[in-house]
Amino acid sequence: MIRSLIAVACLSGSSPLTFADDWPEFLGPGGTARSSDVAPKAWDESQNVLWKADLPGTGSSSPIVVGDRLILTCYVADEPTAKRQVLCFDKVTGDRVWSLDFPIDYNEDRFQGYLTEHGYASNTPTSDGENVYVFFGKGGVHSIGLEGERNWSIDVGKESSDRQWGSAASLTLYRDRLIVNASEESQSLIALDKATGNELWKQEAGMLELAYGTPRLVNAGEDDAEIVLSVPGEIWAFNAGTGKLAWHCQSPMTGNVSPSVIVDGQTIYSFGGYRDSGSMAVRTGGEGDVTDSHVSWTNRSSSYVATPLLHEGRFYWIDDRGIAYCTSAADGSVIYRERVRDLKSGRPVYASPVLIGQHIYVVTRRSGTIVYPPGDAFQPDARNVFAGDETDFNASPAVSDNRLYLRSDRSIYCVAESR
């Protein structure tokens, strides 16, 4: 019964937190990055870890939770043929339920430059409660049943951007279709029939080349739903049914754009660009160029990699330089900007923040998970480190049934209050 209700909700465009037990896509239901669950604020290898499972390969993709299943992807560099894998675990026990291999028998981008920062498994799966959909960049899009059966696979391109940074965008579900931002693979936005994988519409544009965000939905349950995506220098909105461009506006986010747009009712917020080139708010709707009529504000405050968390009229995030930010959703002005102490060098944060209960959780790459409350100042309550795992933690967390799931390049952890 629950599985059926989840499927019906996804077909109609479910509202955020409709099913609090599931975390079915990147940043949770509707991409809102929030849960009413209560998770521990403190943990380590010896306390509040219910289970740990070692992974066969690396990955920056986030885990998702559907029913009693936890699903994630990884890259396994076995010889002679490397492969990507989809792994399914029991979310309560950590037992592996099934795994599927997808050999890399095609030309991939070389493992160099910024690609080494996130790897070959960066796209988070999504689910409608009946099937799981995964995007492997040049390896295509795949539909898999919750018992591990293969439904269909489709190629969405094998191109590379001129920078060869690899694929990153996650999939979005809208009613009977799957929305794919194939920016690296074919500079296109594609809608696939989720039952068959058949292409329903496709929009190609060179400006998509450096747009790495996950497409988001406005008016998800309505016939006039829009798919919104931030590209270098502009924000685009497409009719979800036809794929036709509904409106667009200029933006300060030039260069590559990594964060996903944030939807709050009829307002869209966008961050990103090189290097942290700006942020903005724009009212949805309209036709054609709405720069002069619908843009509410633009600001220089921004995030380069992480998608900020919107909570009670404020945005929160820690950027890839280790700076904690809080800005106003009213005009983008900075409420606080503070360096996080004692982070390991390099680019210390790639993951996006998630609000769990009354606290913000930010996973750093090599310095643990920072837990802090929203407010006027950055005042962390805890920083939790798995001392035995020195690999990168690039993935944003998943939450289900008061359990927090964290993945590194080596393991997946289930964190919950010990009983």
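Preceding this section is the structure that the text describes.
Just so you know, these numbers come straight off a predicted model, no measurement behind them.

Asker: Explanation requested: the sheet that holds strand β22 (residues 288-289) in the structure shown.
Answerer: Note: strands within a sheet are paired through backbone hydrogen bonds, in either parallel or antiparallel orientation. With respect to topology, five strands assemble into an open sheet ordered β15-β16-β17-β18-β22, the strand pairing being mixed. Among the strands making up the open sheet, the edge pair consists of β15 (216-218) and β22. Bridging between strand β16 (residues 226-231) and strand β17 (residues 234-239) involves six bridges; their strand directions are antiparallel. Within β17, the residue paired with I227 across the bridge is F238.

Asker: Please clarify how the pattern of salt bridges should be interpreted in this entry.
Answerer: Oppositely charged side chains can form a pair if their charged atoms are brought close together. One pass over the structure, following the stated rule, counts 21 salt bridges. Where R216 meets E25, a salt bridge forms, and the shortest distance between an N and an O atom there is 3.6 Å. Of this pair, R216 sits in strand β15 while E25 sits in the loop between α1 (2-12) and β1 (34-35), and the two are 191 residues apart along the sequence. The closest approach of N and O atoms between K158 and D155, which form a salt bridge, is 3.2 Å. We classify K158 as partly exposed; its relative accessible area is 40%. The exposure class assigned to D155 is partly exposed, which follows from its relative accessible area of 45%. It is possible to trace a salt-bridge network through shared partners that takes in E117, R365, R366 and D392.

Asker: Can you walk me through the side chain of S230 in this structure?
Answerer: Summarising the element assignment, S230 is placed in strand β16. Judged by its relative accessible area of 2%, S230 falls in the buried class. Setting aside anything within four residues of it in sequence, one finds S230 in contact with A211, I235, M253, V257, V261 and S270.

Asker: Is there a simple way to explain the environment of G28 in this structure?
Answerer: Here G28 lies in the loop between α1 and β1. Under the relative-accessibility criterion, G28 is labelled buried at 0%. Taking C-alpha positions, G28 is 27 Å from Y274, a pair spaced 246 residues apart along the chain.

Asker: How should unusual backbone geometry be read in this particular structure?
Answerer: Backbone phi values are negative for most residues with the exception of glycine, while trans is the configuration of most peptide bonds. Going from Y274 to R275, the amide bond is cis rather than trans, its omega being -20°. A positive phi angle, near 60°, is found at D342, a position not held by glycine. D342 gets classed as exposed once you look at its relative accessible area, which sits at 71%. Positive phi, normally seen in glycine, also occurs at D401, with a value near 50°. Residue position: D401 is located in the loop between β32 (398-400) and β33 (403-407). In this structure D401 comes out as partly exposed when scored by relative accessible area, which is 30%.

Asker: Teacher, can you tell me more about the state of the cysteines here?
Answerer: What we call a disulfide is simply a covalent bond connecting the sulfur atoms of a pair of cysteines. Applying the stated criterion to the full structure yields zero disulfides. With no disulfide partner, C74 has as its closest neighbouring cysteine sulfur the one in C88, 13 Å distant. Since its relative accessible area comes to 0%, C74 is described here as buried. C414 takes part in no disulfide bond, and the closest cysteine sulfur to it belongs to C88, at a distance of 14 Å.

Asker: How do you make sense of the sheet that holds strand β31 (residues 382-384) when you look at a structure like this?
Answerer: Strand order in this open sheet of five strands is β1-β28-β29-β30-β31, and the pairing throughout is mixed. Looking at which strands have only one partner, the edges of the open sheet turn out to be β1 and β31.

Asker: What am I meant to see in the packing of aromatic side chains here?
Answerer: One pair of aromatic rings is described through two measures. These are the centre distance and the angle between the planes. Enumeration according to the criterion identifies 21 aromatic pairs in this entry. Taken together, the ring pairs in this structure connect Y269, F271, W297, F315, W317 and Y325 into an aromatic cluster. Above the ring of F102, the side-chain terminus of R150 is found at 4.6 Å from the ring centroid. One Lys or Arg, K158, reaches over the ring of Y106 and ends 5.1 Å from the middle of that ring.

Asker: Would you take a moment to explain the pairing of strand β29 (residues 359-363) for this structure?
Answerer: Two faces belong to every sheet, and in a regular strand the side chains alternate between them. Counting buried positions along β29 yields five of five residues, so the element is predominantly enclosed. Alternating residues of β29 divide into H359, Y361 and V363 and I360 and V362, and every residue in both groups is buried. In this structure, strand β28 (residues 354-356) lies alongside β29, joined through three bridges in antiparallel fashion. Residue pairing for β29: V354 is matched across the bridge by Y361. As consecutive antiparallel partners, β28 and β29 are separated by two residues, and within that stretch G357 has a phi angle of approximately 65°, a positive value. Here four bridges tie β29 to strand β30 (residues 369-372), and the two strands are oriented antiparallel to one another. In the strand pairing of β30, I360 is matched with Y372.

Asker: How do you make sense of the side chain of T172 when you look at a structure like this?
Answerer: Within the element layout of this structure, T172 appears in strand β11 (residues 172-174). Among the polar contacts listed, one links the side chain of T172 to the backbone oxygen of P215, at a separation of 2.5 Å. In this structure, T172 is in contact with R177, L178, I179, T214, P215 and L217, ignoring residues within four places of it in sequence.

Asker: What exactly am I supposed to notice about the environment of A168 here?
Answerer: With respect to the helices and strands, A168 occurs in the loop between β10 (150-154) and β11. Exposure remark for A168: the relative accessible area of 29% places this residue in the partly exposed category. When the C-alpha atoms of A168 and D401 are compared, they prove to be 28 Å apart, with 233 residues separating the residues in sequence. With residues near it in sequence (within four places) discarded, A168 still touches S122, N123 and Y212.

Each value, and the rule that gives it
Residues numbered from 1 in each chain as written. Predicted model: local features only at pLDDT ≥ 70, side-chain atom pairs only at ≥ 80, totals over all residues. Heavy atoms only, no water. Pairing = 2+ DSSP bridges. Helix = DSSP H or I, 4+ residues; strand = E, 2+ residues; numbered from the N terminus. Salt bridge = Lys/Arg side-chain N within 4 Å of Asp/Glu carboxyl O. Buried < 20%, exposed > 50% of the residue type's maximum accessible area, 1.4 Å probe, protein only. Contact = heavy atoms within 4.5 Å. Disulfide = S-S within 2.5 Å. Phe/Tyr/Trp six-rings, centres within 6.5 Å; stacked < 30°, edge-to-face > 60°. Lys NZ or Arg CZ within 6 Å of the ring centre and 35° of its normal. Polar contact = N/O pair within 3.5 Å; in protein donor to acceptor, adjacent residues only side chain to side chain.

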